[in-house]
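Structural overview for review
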Amino acid sequence: MIIDELKARFGADNIREQKTSDGMPTAWVNASDILRLLDFVKNGISKPYKMLYDLTVVDERHRQYRDSMPAADFSVVYHVTSYGRNEDLRIKVALHGEYPSLPSITGLWANANWYEREAYDMFGVKFEGHPNLRRILMSQSWKGHPLRKEYPARATEIGPFSMSEDERTAAEEELVFKPEDWGLKRKSEDAEFMFLNLGPDHPGTHGLLRLILQLDGEEIVDIVPDIGYHHRGAEKMAERQTWHKYIPYTDRIDYTAGVLNNMAYLMSVEKLDGIEVPARAQIIRVMTGEMFRIISHLLWYGTFAQDLGQISPVFYTFNDRERVFDIISAITGGRMHANWFRIGGVAQDLPKGWQQMVLDFVKYFPKSIDEWDKVIMSNRIIKGRTQGIGVFNTDEAIEWGITGPSLRATGFGWDLRKQRPYSGYENFKFDVPVGKNGDCYDRARVRIEEMRQSLSIIEQCVKLMPDGPYKSNSPLTTPPTKENTTKDIETLIHHFLNVSWGPVIPAGESMVQVEGTKGSNGYYLVSDNNTAAYRCRVRTPSFPSIQMVPYIAKGYTIADLLAILGAVDFVLADLDR
Amino acid sequence: MAIGFIIVGVLLLVVTIAAANIYIERRLLSLWQDRRGPNRAGPFGFLQVPADMIKIFLKEDWIPPFADKAVFVLAPTIVMLSILFSFALVPFAPGFQVVDSNIALLFFLANSSLAVYSIVLSGWASNNKYAMIGAMRGTAQMISYEVFMGLSLMGVVMISGGTFSLREIVEAQRGMWNVVPQFVGFCIFMIAAVAESHRAPFDLPESEGELVAGFHTEYSGIKFGMFFVGEYLGITLISAMIVTLFFGGWLGPAFLPPFFWFMLKTFAFIAFIILLRAALPRPRYDQFLGVGWKILLPLTLLNVLITAGILLARG
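Residues numbered from 1 in each chain as written. Chains lettered and ligands numbered in written order. Predicted model: local features only at pLDDT ≥ 70, side-chain atom pairs only at ≥ 80, totals over all residues. Heavy atoms only, no water.

1. What to know about the overall build of chain A
Helix and strand counts for chain A stand at 19 helices and 15 strands. Relative to the globule expectation of 25 Å for 577 residues, the C-alpha radius of gyration of chain A, 24 Å, shows essentially globular dimensions. Along the three orthogonal principal directions, the C-alpha set of chain A runs to about 85 × 60 × 60 Å. Among the 577 residues that make up chain A, the fraction classed as buried is 60%. Expressed as a percentage of contacts within chain A between residues at least 6 apart in sequence, the contacts between residues at least 24 apart total 69%. On chain A, roughly 21900 Å² of surface is accessible, and the fraction owed to carbon and sulfur atoms is 50%. With 68 positive and 77 negative side-chain charges, chain A shows a separation of 3 Å between the mean positions of the two kinds. (Helix = DSSP H or I, 4+ residues; strand = E, 2+ residues; numbered from the N terminus. Rg over C-alpha atoms; globule rule 2.2 N^0.38 Å. Buried < 20%, exposed > 50% of the residue type's maximum accessible area, 1.4 Å probe, protein only. Contact = heavy atoms within 4.5 Å. Areas by Shrake-Rupley, 256 points an atom, 1.4 Å probe, with all protein chains shown as cover. Lys, Arg positive; Asp, Glu negative; His and termini not counted. Charge placed at Lys NZ, Arg CZ, Asp CG, Glu CD.)

2. What to know about unusual backbone geometry
Apart from glycine, the bulk of residues carry a negative phi angle, and the bulk of peptide bonds sit in the trans form. Despite not being glycine, Asn339 of chain A shows a phi value in the positive range, around 50°. Summarising the element assignment, Asn339 of chain A is placed in the loop between α9 (313–332) and β11 (341–342). Positive phi, close to 55°, is recorded for Asn127 of chain B, a residue that is not glycine. Along the polypeptide, Asn127 of chain B turns up in the loop between α4 (104–126) and α5 (129–152). Asn127 of chain B sits in the exposed class, given a relative accessible area of 52%.

3. As for the domain arrangement of chain A
Residue and element names in this part refer to chain A. Domain parsing of chain A yields domain 1 (2–136) and domain 2 (234–576). Computed over C-alpha atoms only, the centres of domain 1 and domain 2 are separated by 27 Å. With a closest N to O distance of 2.8 Å, Asp88 and Arg420 form a salt bridge. On inspection of domain 1 and its partner domain 2, the count reaches 25 residue pairs in polar contact (both at pLDDT 80 or more). The set of elements that each furnish at least two residues to the side of domain 1 that touches domain 2 consists of β3 (51–59), β4 (74–82), β5 (87–95) and α3 (112–123). Counting residues per element, the side of domain 1 that touches domain 2 draws most heavily on β3, at 9 residues. When its residues are assigned to classes, the side of domain 1 that touches domain 2 shows 18 nonpolar, 11 polar and 13 charged. (Domains from an automatic or database assignment. Salt bridge = Lys/Arg side-chain N within 4 Å of Asp/Glu carboxyl O. Polar contact = N/O pair within 3.5 Å; in protein donor to acceptor, adjacent residues only side chain to side chain. Nonpolar A, V, L, I, M, F, W, Y, C, P; charged D, E, K, R; others polar.)

4. Things to note about the sheet that holds β5 of chain A
All names here are of chain A. The 5 strands are arranged β1-β2-β5-β4-β3 in an open sheet whose pairing can be described as mixed. Looking at strand neighbours, the two that pair on one side only are β1 (16–18) and β3, the edges of this open sheet. In this sheet, neighbouring strand axes are inclined to one another by 25° on average, regardless of whether the strands run parallel or antiparallel. Sitting on the sheet, helix α1 (residues 2–10) is in contact with β1, β2 (26–29) and β5, with an inclination near 50° to β5. Contacts between α3 and the sheet are confined to β3 and β4, with β3 contributing the most and set at about 10° to the helix. (Pairing = 2+ DSSP bridges. Axes fitted to C-alpha atoms, helices over the stretch in contact; angles between N-to-C directions.)

5. As for the nonpolar core
Ranked by internal contacts, the top residues of the largest apolar core, which has 167 residues, are Leu6, Leu38, Tyr78, Met287 and Leu561 of chain A. Looking at this core, the element that brings in the most residues is helix α8 (residues 279–307) of chain A, giving 13 residues. The residues that make up this core include at least three from each of domain 1 (2–136) and domain 2 (234–576) of chain A. Other than its neighbours up to four places away in sequence, Tyr78 of chain A contacts Ile34, Leu38, Asp54, Leu55, Leu89, Arg90, Ile91, Val93, Leu102, Pro103, Ile105 and Phe127 of chain A. Residues Ile6, Tyr23, Ile83 and Met149 of chain B belong to the second largest nonpolar core, which totals 80 residues. (Core = buried A, V, L, I, M, F, W, Y, C linked by side-chain atoms within 4.5 Å.)

6. Considering the pattern of salt bridges
All names here are of chain A. Within the structure shown, the criterion is met by 55 salt bridges over all chains. Arg293 serves as the salt-bridge partner of Glu290, at 3.0 Å between the closest nitrogen and oxygen. Linking Glu290 with Arg293, this pair stays in helix α8, spanning 3 residues, or about one helical turn. Via salt bridges that share partners, Glu290, Arg293, Arg408, Asp415, Arg417, Glu450 and Glu515 belong to a single interconnected network.

7. Focus on the packing of helix α8 (residues 183–196) of chain B against helix α10 (residues 258–279) of chain B
When two helices pack together, you describe them by how their axes are tilted relative to each other and by the distance separating the axes. All names here are of chain B. Axis separation between α8 and α10 bottoms out at 12 Å; the angle between their running directions is 65°. In terms of orientation, α8 and α10 fall into the roughly perpendicular class. Both α8 and α10 take part in a crossing whose hand is right-handed. Contacts between α8 and α10 involve Phe186, Met190 and Val194 on the former and, on the latter, Phe269, Phe272, Ile273 and Leu276. (Parallel < 35°, antiparallel > 145°, perpendicular 65-115°, else oblique. Left-handed = near helix turned anticlockwise from the far one by under 90°.)

8. Regarding the environment of Val10 of chain B
Residue and element names in this part refer to chain B. Relative to the elements of secondary structure, Val10 occurs in helix α1 (residues 2–32). Its relative accessible area of 4% is what places Val10 among the buried residues. In this structure the C-alpha to C-alpha distance between Val10 and Phe260, which are 250 residues apart in sequence, comes to 14 Å. Sequence-distant contacts of Val10, defined by excluding residues within four places in its chain, comprise Phe87, Phe92, Phe96 and Val98.

9. Concerning the side chain of Glu290 of chain A
The class of Glu290 of chain A is buried, set by a relative accessible area of 0%. In contact with Glu290 of chain A, other than residues within four places in its own chain, are Arg417, Tyr425, Ser454, Ile457 and Ile458 of chain A.

10. Overview of the packing of aromatic side chains
Inspection of the entire model under this criterion finds 40 aromatic pairs over all chains. Taking the centre distance of 6.2 Å and the plane angle of 65° together, the rings of Tyr425 of chain A and Phe430 of chain A count as edge-to-face. Its relative accessible area of 1% is what places Tyr425 of chain A among the buried residues. On the numbers, 5.9 Å between centres and 40° between planes, the contact of Phe189 of chain B with Phe246 of chain B is tilted. (Phe/Tyr/Trp six-rings, centres within 6.5 Å; stacked < 30°, edge-to-face > 60°.)

11. A closer look at the interface of chain A and chain B
Counting residues at the interface gives 30 residues for chain A, matched by 24 residues for chain B. Between chain A and chain B lies a buried interface of about 2400 Å² when both sides are counted; carbon and sulfur atoms form 57% of it. Broken down residue by residue, the surface that chain A buries against chain B is led by Glu218, Ile311 and Ile381 of chain A, which jointly contribute 21%. Inspection of the chain A/chain B interface yields 2 salt bridges. Between Asp560 of chain A and Arg284 of chain B there is a salt bridge, and its shortest N-O distance comes to 2.8 Å. At the boundary of chain A and chain B, one finds 12 residue pairs in polar contact (both at pLDDT 80 or more). Looking at the side of chain A that touches chain B, the elements with two or more residues in it are β8 (194–198), α9, α11 (380–386) and α18 (558–568) of chain A. Per-element accounting of the side of chain A that touches chain B gives the leading share, 5 residues, to β8 of chain A. (Buried area = accessible area lost by both parts, 1.4 Å probe.)

Next comes the structure, spelled out in structure tokens:
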């Protein structure tokens, strides 16, 4: 047990264990120990925790139900993962004061850089020794730290927004890139570098992403990503929407993966309130989730080819994407933002005749994939553009917090659906496709194979689909089943309250990860026994992926950068939230 | 007097074809891409091109304040002019040709080299980094591919009895089209010609998705329209040249008039060039130049050598 190992090393008094709803080992440690302790879990123990999965902050000042937790104004939460143990560890540090600080761990993990910047931006917590502790999602001149409890969540709580001419000029001025701020040189010994703004509006960035390239001719010397253009404060909204009303917001995090976001969020909620989801609902979740995996991968596939200058495949893949959307809309009534899962189940039962629709698609789709293999993946120009480009190995991927297909493309077959089965994935037979070289081509290959596996899972869903309720009978199920509301007062009261106020989820903390389309999607929820989350942390795979782009793209050309971005598969809403 | 009619006739013809190409390309692409394409303006979308033209003519003629104005305006006209000059030499049918010159082929090559100025100057005058990179790529690409574009035609000249006149080259193909003895030359000319007209997949100076719109990023309205039409004139020209040089020009069975044969073959190649765009991804800039210098150039020289050898052996 990792907590015991920590106690043995750092003294039982310095490690304070906390019980959480998700059962993840959680320990509060002293701020002075944090560097040594994280170094120990990363480098000092057997089966080490090599990956920094997430780093975030909780504003503890208004939290009521704190049980045995040490007093704190803010707590910094480190979430590290050990692949050897197949286990996660949560380390918390209690901080005191209005704008507290603690040592930076950027020396330990490369990907801590952006996470610490985000924590600083959102909470004002300072990380000493961070090489570039500046705002990352908000603009540099922003006042206040949005996720602090005193910061208003509604526009009506602050005055009307206005921007004077001077302020606007200043804001535009602030966007001018100054290489010196980032420690970049304007000249080398023999050449002057060109600084090229790729974005925020650029056809190759798939949304509002700004990459500032330091170029020597067409060769990339360095890249400074500037993100936050798509930041909508999704985490803040969770603190004022009820648990139930927040579901549609999750759809829009990784907006290409629809219900897979619902899945991560709701499984986390269900850990907090202990609802058992009935088998039929679980399989409906798996089936629609896998359909969205195909939908997301199809979107990626077409745009990937387009990034490489092939203009036709995007239409072919979008046509097939429509076929899946037809099934999705027959089941859910929605398309990209299906908003279909509910606390304790799904919104409604499957429609009549769903089997035939699904089976038709299962029969049709493999031929399509084979055809595009010939059109896209076998094309020698595509191979020339992607093989050996943007290479990283498993260790680098873990160091940077990369999960999902990009991690598997390095040859490491880690898939949450296999390694930590959830929602009944243990009942399905499927393979975890892996790559070999960790280049752009392998990343593409892995995703294409994943579509075949998803299709096989969907086919098995049709066979395995049990009868039974599509929603749990628990009183916290939202909306609760309606049948008995006219028969007994208890059900009526629950129904009334859950629909008007929303369910009150018992106090606790939980983090659930699901295998999203782009990597591991995680929702870290803190409940304070209220109708809304006290803190909702959305950990997304696009964030570390984009953070890693400068590291893998150095030394390649602009054209290669577009291939690398295309193969990363990111979504801007997933990056900025 | 007659020459005047021919000049006006050729001018109207090629400009109409260029405009029609916009429609043809969009319809063909939509066919190959499983979608409908423009079908709203007029029957079958025929009025799409007039609609586009009205739009582009009425758009604000805007020159960015940071651009070099004189050069910025000059650049798009060069591409139009240099291509239109070349059309003066194309023998559409016996007697339907503006000039039958004995240096026609050289004039065509010279004009296609001039077109590169359009890209260089527009990229330079725009004072924009993307345009600049596009222009740099365009220059390198044009210079590389020009070399063996000219050389790939030397075989044709040799087997046509050493003439540079396009009419005589067509006449020389009465027995057999040049594409048979000069298949290698044809393939290389085809690739080089598509590269010269910077069409996809060799649209590296433009590279939408990498360089936004490359050399014409800053252009809009009618000046962009000239680049646009210039591109379609370009495909029409290279299709016409391929037909003239390798596929017997206006020659064909007598049940159709010669002009019709010429047009039929030309449109077949226009469609093929559009198919290339629909099918192929864009190679990387250095890969593309590498293929040119390392594979195509030696192949071209070998082709010239072997053709010359065979001709010598036959005496």
